[in-house]
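Residue-level listing of the chains:
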Amino acid sequence: MFGRGSWLEARRIGDVLRTETIGGALLLAAAVVAMIWANSPWSDSYETVRGYRVGPAGLHLDLSVAAWAADGLLAIFFFVAGLELKREFVAGDLRDARRAAVPIAAAVGGVIVPGLLYAAIAAGAGADAVRGWAIPTATDIAFALAVLAVIGRHLPTALRTFLLTLAVVDDLIAIAIIAVFYTTSLAVLPLLAAVVPLGAFTVLVQRRVRSWWILLPLAAVTWALVHASGIHATVAGVLLGFAVPVLRSERAGGPDAGPGLAEHFEHRFRPLSAGLAVPVFALLSAGVTIGGLSGLVDAWTDRVAIGVMVGLVAGKVIGIVGGTWLVARFTKARLDEGLNWADVAGVGLLGGIGFTVSLLIGELSFGPGNEREGYAKIAVLSGSLLAGLLAAVLLRLRNRTYRRLHEAETVDADHDGVPDVYETT
């Protein structure tokens, strides 16, 4: 497990990580600004901006700015997640079922265990509190990679790939949870109508059409109809991402002729997602009025907040390590040379950095402005911070080993641009 993989995949993952790390820094900055703004003398202006409504009322799209960020901008984020996941399983190293089993099992474990822990803790606070069971199940890849950039610059490529793939699978599970468990009412006609623009979009991209003036209106109509159906509109982003072909057509030279349309779209939209969509969502969602030290104590002692923090800090690492261990136990797979279970635990703690999707699910669980939604926000921020600090301690203890592995992975004695270790695998 956690073998090195191919050089092409390692190089692509490196490009992705650089983009997401920059996005993570912007995300952190936006969250800090939101918290300062919401607890400043100008907190009323923060709520005014969040609540300002814009959009065509005739189409039922006269939404608040905060709702546009959650429903609209995050659709871009999930579109990129859909592209990434499809590419990984069609053309990436994870098309090999043996490689795919590890991050999938880890992601599933990292969803089930935090959800169960939260439900067990919040059960005493009533059924309404249990609605937030999915809040600690999500991993924020941009936030996690921003932490990783500071504390784990020499982390082996295989572990970085594992974290990235785990987070993408995690996002897919999260959007499935949102669609199934957080859809309170369903309008069938708009949902059926959404099939038409989605189908047209699919036909065009399968024919390798990439003209934005054709595809963007179809995507917007699909999004609007899914939104009108009652299903969270970010689901449309994933469906549109899944529609894009990964491999080049035979007429264009086939799979060996270069990147396909999915990778082309990913290069275009990932900077928009990481650099704009997610930070703006964080700016408009992370701000919560704490109310001083007493307010912070009230939040931390609430069962909802305790459940979220335990789920993120303990549940994630238990679930991720447990899922990985089960694969090793039943397949007799071994960790790659130089790695041990402490490394998996470190990545599992990074998986406990839940932010973007956790905040979104918090809003869906309790409603914007609800006291428990505010407690959930504080818990997401606190739990993510604690998980990041614990990951920093554990991974720094292993930094000497990571540095040695990193040096071995980057030696290029023949100066051909490809590290020597990839030429022998």
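Provided above is the structure to which this section pertains.
What counts and how
- Residues numbered from 1 in each chain as written.
- Predicted model: local features only at pLDDT ≥ 70, side-chain atom pairs only at ≥ 80, totals over all residues.
- Heavy atoms only, no water.
- Salt bridge = Lys/Arg side-chain N within 4 Å of Asp/Glu carboxyl O.
- Phe/Tyr/Trp six-rings, centres within 6.5 Å; stacked < 30°, edge-to-face > 60°.
- Helix = DSSP H or I, 4+ residues; strand = E, 2+ residues; numbered from the N terminus.
- Buried < 20%, exposed > 50% of the residue type's maximum accessible area, 1.4 Å probe, protein only.
- Lys NZ or Arg CZ within 6 Å of the ring centre and 35° of its normal.
- Contact = heavy atoms within 4.5 Å.

Asker: I'd like a rundown of the pattern of salt bridges, residues and numbers included.
Answerer: Oppositely charged side chains can form a pair if their charged atoms are brought close together. The final tally for this structure, using the stated rule, is seven salt bridges. Ionic contacts of the salt-bridge type, sharing partners, join the residues Glu84, Glu266 and Arg270 into one network.

Asker: Kindly report on the packing of aromatic side chains, identifying the contributing residues and their values.
Answerer: What the rule picks out here adds up to seven aromatic pairs. An angle of 90° between the planes, with centres 6.3 Å apart, marks the rings of Phe265 and Phe269 as edge-to-face. With a gap of four residues between them, Phe265 and Phe269 both fall in helix α11 (residues 261-285), about one helical turn apart. Owing to a relative accessible area of 27%, Phe269 belongs among the partly exposed residues under this scheme. Lying over the aromatic face of Phe330, Arg329 brings its terminal NZ or CZ to 5.6 Å of the ring centre.

Asker: With reference to specific residues and values, describe the environment of Ile151.
Answerer: As for its placement among the helices and strands, Ile151 is situated in helix α6 (residues 141-151). With relative accessibility at 10%, the residue Ile151 sits in the buried group. The spatial distance from the C-alpha of Ile151 to the C-alpha of Leu395 is 7.2 Å, given a sequence separation of 244 residues. When sequence neighbours within four positions are dropped, the list of residues in contact with Ile151 reads Ala391, Ala392, Leu395, Arg396 and Asn399.

Asker: Account for the side chain of Glu266, naming residues and giving values.
Answerer: You can see Glu266 is positioned in helix α11. Residue classification places Glu266 among the buried residues on the basis of a relative accessible area of 4%. If we ignore the near neighbours within four places in the chain, the residues touching Glu266 are Arg12, Val16, Leu83, Glu84, Arg87 and Pro271.

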